[in-house]
Amino acid sequence: MIEVTDAASKKIQQNLARRGNGIGIRIGTRTTGCSGLAYVLEYVDNINTEDIEIKQDGFVVVIDPKSSAYLNGVEVDYVRHGLNEGFEFNNPLER
């Protein structure tokens, strides 16, 4: 359903270790503007019963069911562009 690149996986593990707690990340979508969607990534400490869990490299990727249709096939990467760095979501359906 979702692919996490090696670079993103390493950064997630580093951030979880720095936090000192947490089981993984939650990825979702939220409405922006008139008709757009934005990706949301946050660190999580527990999982809701309705959430979808994907075990990955020592952490869990959590997806809420409402966002799952928009996230199918998404690749989560961690990239650097000049002085900027951050998580990037590559969705093959956004072309």
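Predicted model only: the values in this text are computed from it and were never measured.

Parameters at a glance
Residues numbered from 1 in each chain as written. Predicted model: local features only at pLDDT ≥ 70, side-chain atom pairs only at ≥ 80, totals over all residues. Heavy atoms only, no water. Pairing = 2+ DSSP bridges. Helix = DSSP H or I, 4+ residues; strand = E, 2+ residues; numbered from the N terminus. Axes fitted to C-alpha atoms, helices over the stretch in contact; angles between N-to-C directions. Contact = heavy atoms within 4.5 Å. Buried < 20%, exposed > 50% of the residue type's maximum accessible area, 1.4 Å probe, protein only. Polar contact = N/O pair within 3.5 Å; in protein donor to acceptor, adjacent residues only side chain to side chain.

## Some thoughts on the sheet that holds strand β2 (residues 24-32)
Right, on to step 1. Spatial ordering of the open sheet is given by β3-β2-β5-β4, a layout of 4 strands whose pairing is mixed. The open sheet is flanked by β3 (36-44) and β4 (52-56), the only strands paired with a single partner. The mean angle between the axes of side-by-side strands here comes to 25 degrees, regardless of whether they run parallel or antiparallel.
Right, on to step 2. Sheet strands in contact with helix α1 (residues 6-19) are β2, β3 and β5 (59-63), and its direction is about 50 degrees off that of β3.

## With respect to the sheet that holds strand β1 (residues 2-4)
Right, on to step 1. Spatially, the 3 strands line up as an open sheet ordered β1-β6-β7, and their pairing is mixed. Two strands lie at the open edges of the sheet, namely β1 and β7 (84-90), each paired on one side alone. Averaged over all neighbouring strand pairs, the angle between strand axes comes to 25 degrees, with direction disregarded.
Right, on to step 2. Pairing analysis gives 3 bridges linking β1 to strand β6 (residues 74-81), with the strands arranged parallel. Looking across to β6, one finds that E3 is bridged to E75.

## Describing the environment of D45
Right, on to step 1. Following the sequence through the fold, D45 ends up in the loop between β3 and β4.
Right, on to step 2. Note on D45: relative accessible area 42%, which makes it partly exposed.
Right, on to step 3. Put simply, D45 and G58 are 13 residues apart on the chain and 14 Å apart in space, counted from C-alpha to C-alpha.
Right, on to step 4. If near-sequence neighbours (up to four positions away) are discounted, D45 is found in contact with R19, N21, G22 and I23.
Right, on to step 5. Engagement of the side chain of D45 in a polar contact is seen with the side chain of R19, the distance being 3.1 Å.
Right, on to step 6. Here G22 takes part through its backbone nitrogen, which lies 3.5 Å from a polar atom of the side chain of D45.

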